[in-house]
Amino acid sequence: MQCVQGWITVKNTSAVILLGGVPAGDAPCLLTLPATGTSYVTAAPLRDAARHYGVTRRLRFLDGKLEDSLDNVSVYDWGHGLFEAEMWCGELSPEGERVFPYTLSQLPYEGMSAVLYYENGLWLSLESGRRLLCGFSLGAAREGELLTLGRLLVAIARGQKAAARVIAPDRSQLVFLSADSITVENGQLVTLERLRTQRGHERRTVYRAEGVQLVADEPQVGFFSHAPTAPASLPLACCEAVLLGQYAEALSMMSGELQSSLNEDSVREFFGEFAAARPFLSDSGVVGLVLPPQNGVFPIRRLCFELEGERISNITEGD
């Protein structure tokens, strides 16, 4: 019987993998599956049982091709009959502590009163006298602030992530922002997102008020709140730098000999277009470039990296 290899990974918690209800091993786990047939794969959490619950998904192959696109599973085709199925265990929202409603901030705005208050979540209301004109939710955060940028009203919520609603004088919402950090600097709104790369890149975007519009500058990628961290995988860090358009940074990870034969344009051309970079499951010198999905499956282009000390000495296309 022809078979495919299924590498099962779980993204959001540690888990045991079951095939047809029989434990096969801790994730990540390599399974042998029929190239034509149906397999039922379960990810059962090993910890945080109060937060996570197991999920079961059906993997149905026909002549080595996955037939179904699956909810809550991302499938990557590494070639030569090797598939990676990345699963997520279900997650329950913890029951929040009951808190008596309270007001955080209040200020006059365009002949109205803007109020930021907590009541089973953070809310912004615009009022005239005792009449409520409109309201906006800012999620489950309990802290935040109100401010104005020119003629625009900004309500910022600070929780696990920061969020902001920017309101125009006609009470319409111009934009909703979500980032790891949202601050006001020199009369401008600044968002900072952590990109979860090997080196800890951040994306910084500056927004400024122009009349009753909010205009965003071109986002910048770099290290704004901390110095670069040492990467656990130099090949993966190199691919991430290319993905972010940081070609000089990618070149800096290469040996002097390799740098002398390349420039930013040749790096861009060699790597081409890709959506993400993933480490190969059993070889730290191989990185997969994730290409656009085909029938719900992400093809992988393999790159093989050779290292000399702390530098990349060669990069070749893998089979």
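Only a predicted model underlies this, so the values are computations on that prediction, with no experimental measurement involved. (Residues numbered from 1 in each chain as written. Predicted model: local features only at pLDDT ≥ 70, side-chain atom pairs only at ≥ 80, totals over all residues. Heavy atoms only, no water.)

**Examining the pattern of salt bridges**
For side chains bearing opposite charge, pairing can occur when the charged atoms are close.
(1) Moving on: For the structure on display, the rule yields 14 salt bridges.
(2) Moving on: With its nearest N and O atoms 3.2 Å apart, the salt bridge here joins arginine 151 to glutamate 110. Here the residue arginine 151 occupies a position in the loop between β16 (143-149) and β17 (152-158), and glutamate 110 occupies one in the loop between β12 (102-109) and β13 (112-118), the gap between them amounting to 41 residues.
(3) Moving on: Arginine 151 sits in the partly exposed class, given a relative accessible area of 43%. (Salt bridge = Lys/Arg side-chain N within 4 Å of Asp/Glu carboxyl O. Helix = DSSP H or I, 4+ residues; strand = E, 2+ residues; numbered from the N terminus. Buried < 20%, exposed > 50% of the residue type's maximum accessible area, 1.4 Å probe, protein only.)

**With respect to the environment of leucine 307**
(1) Moving on: Locating leucine 307 in the fold gives a position in strand β27 (residues 297-308).
(2) Moving on: Spatially, the C-alpha atom of leucine 307 lies 53 Å from that of glycine 150, the residues being 157 residues apart in sequence.

**A few points about the pairing of β13**
(1) Moving on: Burial analysis of β13 places five of its seven residues in the buried class, the great majority of the element.
(2) Moving on: Pairing geometry for β12 and β13, over seven bridges, is antiparallel. Looking at the pairing, tyrosine 102 lines up with tyrosine 118 of β13.
(3) Moving on: Where β13 meets strand β14 (residues 122-128), six bridges bridge the pair, whose relative direction is antiparallel. Considered in β14, the bridge of leucine 116 is made with leucine 124. (Pairing = 2+ DSSP bridges.)

**Let's talk about the sheet that holds β16**
(1) Moving on: Spatial ordering of the open sheet is given by β16-β17-β18-β19, a layout of four strands whose pairing is antiparallel. The two strands at the open ends of the sheet, each matched to only one other strand, are β16 and β19 (173-179). Ignoring strand direction, the axes of neighbouring strands in this sheet form an average angle of 15 degrees. (Axes fitted to C-alpha atoms, helices over the stretch in contact; angles between N-to-C directions.)

**Some details on unusual backbone geometry**
(1) Moving on: Here the residue pair alanine 27 and proline 28 is connected by a cis peptide bond, since its omega of 0 degrees sits within 30 degrees of zero.
(2) Moving on: As for its position among the elements, proline 28 is in the loop between β3 (22-26) and β4 (29-34).
(3) Moving on: We note that histidine 80 has phi near 55 degrees; this positive angle belongs to a residue other than glycine.
(4) Moving on: Its location among the elements puts histidine 80 in the loop between β9 (73-79) and β10 (82-87).
(5) Moving on: Non-glycine residue glutamate 110 carries a positive phi angle of around 50 degrees.

**Digging into the sheet that holds strand β2 (residues 15-19)**
(1) Moving on: Spatial ordering of the open sheet is given by β3-β2-β5-β7-β8, a layout of five strands whose pairing is antiparallel. Because the sheet does not close on itself, it has two edges, and the strands there are β3 and β8 (65-66).
(2) Moving on: Alignment of strand β5 (residues 37-45) against strand β7 (residues 55-62), held across seven bridges, turns out to be antiparallel. By the bridge assignment, tyrosine 40 is partnered in β7 with arginine 58.

**Re the environment of valine 290**
(1) Moving on: Counting through the fold element by element, valine 290 comes out in strand β26 (residues 286-290).
(2) Moving on: Along the primary structure valine 290 and alanine 275 are separated by 15 residues, whereas in three dimensions their C-alpha atoms are 5.5 Å apart.

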